[in-house]
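Here is how the chains run, residue by residue.
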Amino acid sequence: MALGFIESSSGSKSMEDTGKEYFKELCWRFFFENSSEECNFDSDVNMHDVMRDLTINVAGKKYVHESFNCDYVFREKTRHVSFGYEIKSWSNVLFKLHKAKGLRTFQLFSSNYRLGMYGPMINEAVMDELFSSFPRLRVLGLNNSNIHVVPNSIRKLRHLRYLDISENYMASLPNSITKLQNLQTLNLMNCYRLSQLPRNTSNLVNLRHLGLMGAYRLTHMPKGMVKLSCLQTVSYLVLDCERSNMVSELNVLNYINGELKIIGLEQLRRTPSKASLINLKDKKGLQGLRLNWKPSWDDKEYEAKGDETVIEGLQPHPNVELLIIRGYDGVGLPNWVSTSLSNLTEIGIGKCQRLQYLPQLGNLQALKVLYLGDMRSLKFIHKNEPCSCSSRSFPSLESLSLKEMHNLEGWWEIEETLPIFPRLLSFKIDGCPKLSSMPKIASTGVDVSLCDVGVQLVNTIGPLKSFKRLKLQEIRDLVYLEMGSRQNIDWPIQNFKI
């Protein structure tokens, strides 16, 4: 997209959708090998050696990729350059690159997983020379390059459309970066020192993708986000009602897709009705939603009621597949969690200290992962209501984790014996000392880990001999285990630890 290979459609189809169609076509023709049956970008993508050799041959002298040695040669016709290793001598690279005045792509594909662990830092002088020497760049990838400061000279890259400076150390970015009005993608993911975005970010009118996940020190979003009418993905938003009217601005950004994390929802407690102005219901492309409140240590009733109104107004579009709720202070969750989000595959609820009951999550037919943790007021997962206690509950659930819920007593308020979880693969409970009963697990070959739970629980979750792995820790008063008879049966447990 950054190199202009995807033409903008005059209809309703976005360039991203057109690009995905191109990608699927190439997968079907075996140009790419994709581990997903649906041919998506989230899975590993490989290229067969034969296809790679063919591609390099067709590209000729326009493309140079170096993996291990330093005998590369750049020519006047070179347009695309990438490195698969840490550059030890930037002066040598820039000297050799000097001939390629028309360079369009410069990318580092670092194999490092820890910031700045290897290789010298890319200092301001190096970047200044890079920016000044190659003003025609359209793609620039400098992720995980130990960058501490981005120089003002970045404004010279006026043709730049894709900029990846993720996993670096900048505390801020120069306002001159907002001169890059052709920029479509700005990746700042895992820049954990980044505390603010440039004040004139709204000038990036062609920006389509803003990656901020992992930039946890951001204190607010710049004013004028409403001007970014092309924005499709913005993974991380920080509400600051004193500095900007972010709530109403979000209402206009209806083309946002992918995953969205909203921080600072506690600021809406005094004006909770404003939450509905964000209008998540109309954001059809949204696939994941993370809602975060700053934990409150005061027992104020208005906070609980305010949070309940806020979350009621944050109902997303039914297309959402991921829902994470953290720090919420309400007593209950809205019914839309279990009745309106039929595509949910993963739910995580944590640090909700006042939460006393949950909706009927077992009715979610597509749910595969459920995590519940750090909720001191929750005593039972499910109330005994119609359809909640049946073998149809959690038909697709594969992973269940319960953690640090010290007052949790059981799954049902009135104990039932019907088995559920027919497809469960992983079952983990940690730090639930009062938990004495759970439904029997209907599936076999499950990995089970129990730590700091009631001794009664161990023998109620199902025949222990049916599990694939079993790990028991800190089970007080445990005297014996009912493993069942070993006579004339296969013993499937592969790993058993106490």
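The notes below deal with the structure included here. Note that this is a predicted model, so its numbers are computed, not measured. (Residues numbered from 1 in each chain as written. Predicted model: local features only at pLDDT ≥ 70, side-chain atom pairs only at ≥ 80, totals over all residues. Heavy atoms only, no water.)

1. Here we look at helix α4 (residues 124-133)
Operational definition: Think of it in three bands: residues with accessible area under 20% of the maximum for their type are buried, residues over 50% are exposed, and the middle band is partly exposed, with areas taken using a 1.4 Å probe on protein chains only. Each helix is a run of DSSP H or I of at least 4 residues and each strand a run of E of at least 2, with the numbering of both proceeding from the N terminus. It is the directions from the helix axis to the C-beta atoms whose arc is reported. We call two residues in contact when some of their heavy atoms are within 4.5 Å.
All buried positions along α4 are accounted for by Val126, Met127, Leu130 and Phe131. Each buried residue of α4 sits inside an arc of 125 degrees when the element is viewed along its axis, so together they form one side. Buried residues along α4 sit against α3 (90-97), β5 (105-108) and β6 (139-141).

2. Quick notes on the nonpolar core
Where we set the bar: By convention a nonpolar core is built from buried Ala, Val, Leu, Ile, Met, Phe, Trp, Tyr and Cys residues, the set being connected through side-chain atoms within 4.5 Å.
Counting residues in each nonpolar core, the largest one holds 124 residues, and the members touching the most others are Phe106, Phe427 and Leu450. Contacts of Phe427, omitting those with residues within four sequence positions, involve Leu400, Met438, Ile441, Val446, Asp447, Val448, Ser449, Leu450 and Ile461.

3. Here's the deal with a positive patch on the surface
Heads up, the rule is: Residues form patches when they are more than 30% accessible in relative terms and have no salt bridge. Like charges link within 9 Å. Nonpolar side chains (Val, Leu, Ile, Met, Phe, Trp, Tyr) link within 5 Å. Reported accessibility uses the Shrake-Rupley method at a 1.4 Å probe radius. Residues are deemed covered only where the shown protein chains occlude them. A pair is scored as a salt bridge if a Lys or Arg side-chain nitrogen falls within 4 Å of a carboxyl oxygen belonging to Asp or Glu. The charge count includes Lys and Arg as positive and Asp and Glu as negative, but it does not include His or the ends of the chains. For charged residues, the charge sits on one atom: NZ in Lys, CZ in Arg, CG in Asp, CD in Glu.
Together, Lys61, Lys62, Arg75, Lys77 and Lys99 make up a region of like positive charge exposed at the surface. Its place among the elements puts Lys61 in the loop between α2 (49-59) and β3 (63-66). For Lys61, a relative accessible area of 49% translates into the label partly exposed.

4. Quick look at helix α1 (residues 15-28)
We apply this condition: To estimate the expected span of a helix, subtract one from its residue number and multiply by 1.5 Å.
With 14 residues, α1 ought to run about 20 Å at 1.5 Å a step, and its terminal C-alpha atoms sit 20 Å apart, in line with that. Inspection of α1 places Met15, Glu16, Thr18, Gly19, Phe23 and Cys27 among the buried residues, and these make up the whole buried set. Elements in contact with the buried residues of α1: β1 (33-34), β2 (45-46) and β9 (209-211). Immediately downstream of α1, the backbone of Phe30 shows phi near 65 degrees, a positive value.

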